[in-house]
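Chain and residue survey
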Amino acid sequence: MLTFDMSLAGRWIGEKEMERMAPAAQAALAALLAGEGPGSDFLGWVSWPDAYDRDEFDRILRTAETIRRNSDFLVVVGIGGSYLGARAAIDLLTHSQRASLPRERRDGPLVVYAGHNLSPAWHAELLDLLETGEVSVNVISKSGTTTEPAAAFRILKAYMERRYGREGARSRIFATTDAARGALRTLADAEGYETFRIPDDIGGRFSVLTAVGLLPIAAAGIDIGEILRGASDARAALADPDFGRNPALRYAAARNCLLRKGYGVEILANYDPALHSVTEWWKQLFGESEGKDGRGLFPAGVDFSTDLHSMGQYIQDGRRFLFETVLQVETSRRSLSIPDDPGSLDGLDFLAGRDLEEVNRKALQGTALAHVDGDVPNLAVRVPALTPYWFGWMVYFFEMACGVSGHLLGVNPFDQPGVEAYKRNMFALLGKPGFEREREALEARMAGEGN
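A short tour of the structure in this document, coming up. Here the residue index of a chain counts from 1 through its sequence in written order. At least 70 in pLDDT is required for a residue's local features to be given in this predicted model, at least 80 for side-chain atom pairs to be given and counted, and no such filter applies to totals for whole chains, interfaces and linings, which use all residues. Hydrogens and water molecules were not included; the side-chain quantities draw on all heavy atoms of the structure.

1. Notes on the packing of helix α2 (residues 44–51) against helix α9 (residues 224–238)
Here the axes come from fitting lines to C-alpha atoms, over the contacting stretch only for helices, and the angles between their N-to-C directions go from 0 to 180 degrees. Runs of H or I in DSSP of at least four residues are treated as helices and runs of E of at least two as strands, each being numbered from the N terminus. It is at 8 Å that the axes of α2 and α9 come closest, and there the two elements cross at 120 degrees. Taken together, α2 and α9 sit at an angle that is classed as oblique. As α2 packs across α9, the resulting crossing turns out to be left-handed. Counting all contacts with α2, which are made through Val46, Ser47, Pro49 and Asp50, the residues of α9 involved are Leu228, Ala231, Ser232 and Arg235. Here is the rule for angles: anything less than 35 degrees is roughly parallel, anything more than 145 is roughly antiparallel, 65 through 115 is roughly perpendicular, and the remaining ranges are oblique. Crossing handedness: left-handed means the near helix sits turned counterclockwise from the far one by under a right angle, and right-handed means the same turn made clockwise. Any two residues whose heavy atoms approach within 4.5 Å at even a single point are treated as in contact.

Right under this line is the structure:
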């Protein structure tokens, strides 16, 4: 079972304080399980690991096999929750050097990403890459009108039709979108693309276990049945109202205890580069869920031990407004021993014959103790191994902890009203019809503020 450990935070959070948080955390869990509370229209993720559509799951497997058979590249077009969860799984569960491996040594197509930024260089150079192999595209959008992925898909749709012809492109473009409405649904129906459903009651950042994440993950050669099995087991375990046994309740309570004491930044630290994209997914999950009404922790991330040689100085000796949650993997998927070197000019002869995993673990332990000595509270989330099963377990753990934590904060964890502000300004500045007055006001403001 995934576990939560706060033994290195005892100086800041006492067990009695945690016990006082227990009733509120348990009430939040009960509300989520009952489908009640703020944002109750978006609680489909709670039961999804057991209630998912089996017929669509089978179609996902068949489509993924088609993509694996005829494509060297799968372009995933999406932003935020439309791609971060899939990228987290793929980066975690496939070969870390897969982009540099020859096709015959990769288990499936190379998954690449578009529509998560507006860089012309990124997208133009992506097209250069696609010229080196066969291509499929999975465009993911509830509405089909979000600017970044919509612009990228226009570019890719035109590219695919030039390269394969309109009929050939139809068989290589797959749309994951609303079941009945929206611009992308209309286009997909008109063009005859195979489509997959984004459930109405699951928001983007909670959607990795739906077709949003599962199609690209399966195309990358990962066992999505095992991912859902892990999430299902997590669902059963985390429905337990016993505060002492439920790691999601304890994690949510601990982070809120620290927030109330003035620790406004939570850093998710990992010690394996494979976890970098998990951190990016986690940042969106908690940042978009809790950052509203002037409340919430600011979620940040570091990749250790790399960032110990950059951000490590600040964490150790900077302002004391942050705490760490260490995402720790108990067992590495590979082993590699440090060889003997008769000269030993590097002074590392004492490590000869020892596995690099042991060195990495001691770096973790030593860093955690050093940061605690530097007045940085340390929490730990421990995952047994980097496997599809434990990825599913971990995803559900963080989703449930996020839902509970949002309730403890007194916010609706399932909306994101602040995301719309930049879009309105961007539309106005780009001259979108209907935004003329806003454009004049913004241009005057920019001129006045020297931007």
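Moving on from the coordinates now.
2. Structural notes on α9
Each helix should span, by expectation, one fewer than its residue count multiplied by 1.5 Å. Compared with an ideal rise of 1.5 Å per residue, which puts 15 residues at 21 Å, α9 spans 21 Å between its outermost C-alpha atoms and is within 8% of the ideal. For every residue, the accessible area obtained with a 1.4 Å probe (protein chains only) is divided by the maximum for its type, and the residue is called buried under 20%, exposed over 50%, and partly exposed between those limits. For α9, the complete set of buried residues consists of Ile224, Ile227, Leu228, Gly230, Ala231, Ser232, Ala234 and Leu238. If you follow the buried residues of α9, they end up packed against α1 (15–34), α2, α3 (54–70), α8 (211–219), α10 (247–260) and α14 (388–409). Near the N-terminus of α9, the side chain that reaches the backbone nitrogen of glycine 225, with its oxygen 3.0 Å away, is that of aspartate 223. Here a polar contact is taken to be a pair of N or O atoms separated by no more than 3.5 Å, where protein atoms must pair a possible hydrogen donor with a possible acceptor and residues adjacent in sequence count only if both atoms sit in side chains.

3. Regarding the pattern of salt bridges
By definition here, a salt bridge exists when the distance from a side-chain nitrogen of Lys or Arg to a carboxyl oxygen of Asp or Glu is within 4 Å. For the structure on display, the rule yields 33 salt bridges. Put simply, aspartate 5 and arginine 382 hold a salt bridge, and the shortest N to O gap is 2.8 Å. Of this pair, aspartate 5 sits in strand β1 (residues 3–5) while arginine 382 sits in strand β10 (residues 378–385), and the two are 377 residues apart along the sequence. A salt bridge links glutamate 288 to arginine 205; the shortest N-O distance between them is 2.9 Å. One end of the pair, glutamate 288, is in helix α11 (residues 276–290); the other, arginine 205, is in the loop between β6 (194–197) and α8, with 83 residues separating them in the sequence. Judged by its relative accessible area of 22%, glutamate 288 is partly exposed. In this structure arginine 205 comes out as buried when scored by relative accessible area, which is 3%. Salt bridges here are not isolated pairs; linked through shared partners, they connect Lys157, Glu161, Arg166, Glu167, Arg170 and Glu191.

4. Overview of the packing of aromatic side chains
Pairs were defined over the aromatic rings of Phe, Tyr and Trp, the Trp ring being its six-membered one, requiring ring centres within 6.5 Å. Orientation was assigned from the angle between planes: stacked under 30 degrees, edge-to-face over 60, tilted for the rest. Within this structure, the stated rule accounts for 19 aromatic pairs. Between phenylalanine 4 and tyrosine 251, the ring centres sit 5.7 Å apart and the planes meet at 55 degrees, which makes this aromatic pair tilted. Residue phenylalanine 4 is found in strand β1, and its partner tyrosine 251 is found in helix α10; the two are separated by 247 residues along the sequence. The rings of Phe4, Tyr251, Trp281, Trp282, Phe286, Phe397 and Phe398 are connected pair by pair, giving a single aromatic cluster. Here, a charge over a ring means that NZ of Lys or CZ of Arg falls within 6 Å of the ring centre while also lying within 35 degrees of the ring normal. For arginine 54, the ring lying beneath its charged end belongs to tyrosine 52, and the centroid distance is 3.9 Å.

5. Focus on the pairing of strand β8 (residues 298–303)
Strand pairing is assigned whenever DSSP detects at least two bridges linking the two strands. In this structure, strand β7 (residues 265–270) lies alongside β8, joined through six bridges in parallel fashion. Bridge pairing links glutamate 266 to proline 299 in β8. For a crossover, the right-handed case is the one in which the path from the first strand over the helix to the second runs clockwise, viewed with the strands pointing away from the viewer. In this fold, the crossover linking β7 to β8 by way of α11 has right-handed handedness.

6. Side note on the sheet that holds strand β4 (residues 135–140)
Strand order in the open sheet formed by five strands is β3-β2-β4-β5-β6, with parallel pairing between adjacent strands. For this open sheet the edge positions go to β3 (110–114) and β6, each flanked by a neighbour on one side alone. Here the strands of the sheet are splayed against their neighbours by 20 degrees on average, with no regard to which way each runs. Relative to β3, strand β2 (residues 73–77) is paired through five bridges, and the arrangement is parallel. Bridge assignment links valine 75 to a residue of β3, and that residue is valine 112. Of the strands in this sheet, β4, β5 (173–177) and β6 touch helix α7 (residues 183–191), which is tilted by about 145 degrees from β5.

7. Observations concerning the nonpolar core
For our purposes a nonpolar core is just a set of buried Ala, Val, Leu, Ile, Met, Phe, Trp, Tyr and Cys residues, chained together by side-chain atoms within 4.5 Å. One finds Phe391, Phe398, Met400 and Val404 to be the most contacted residues of the largest nonpolar core, which totals 100 residues. Among the elements that take part in this core, α14 stands out by supplying 14 residues, more than any other. When residues no more than four places from it in sequence are discounted, the contact partners of phenylalanine 391 are Gly85, Ala88, Ala89, Leu92, Leu93, Val208 and Ile227. One finds Leu126, Val137, Met160 and Ala175 within the second-largest nonpolar core, a separate group that totals 23 residues.

8. Remarks on the side chain of glutamate 290
When you line up the elements, glutamate 290 lands in helix α11. Its relative accessible area of 0% is what places glutamate 290 among the buried residues. Within the structure, the side chain of glutamate 290 is placed 2.5 Å from the side chain of serine 405, a separation counted as a polar contact. The contact partners of glutamate 290, leaving out residues within four places of it in the chain, are Arg255, Arg295, Gly296, Leu297, Cys402, Ser405, Gly406, Leu409 and Val411.

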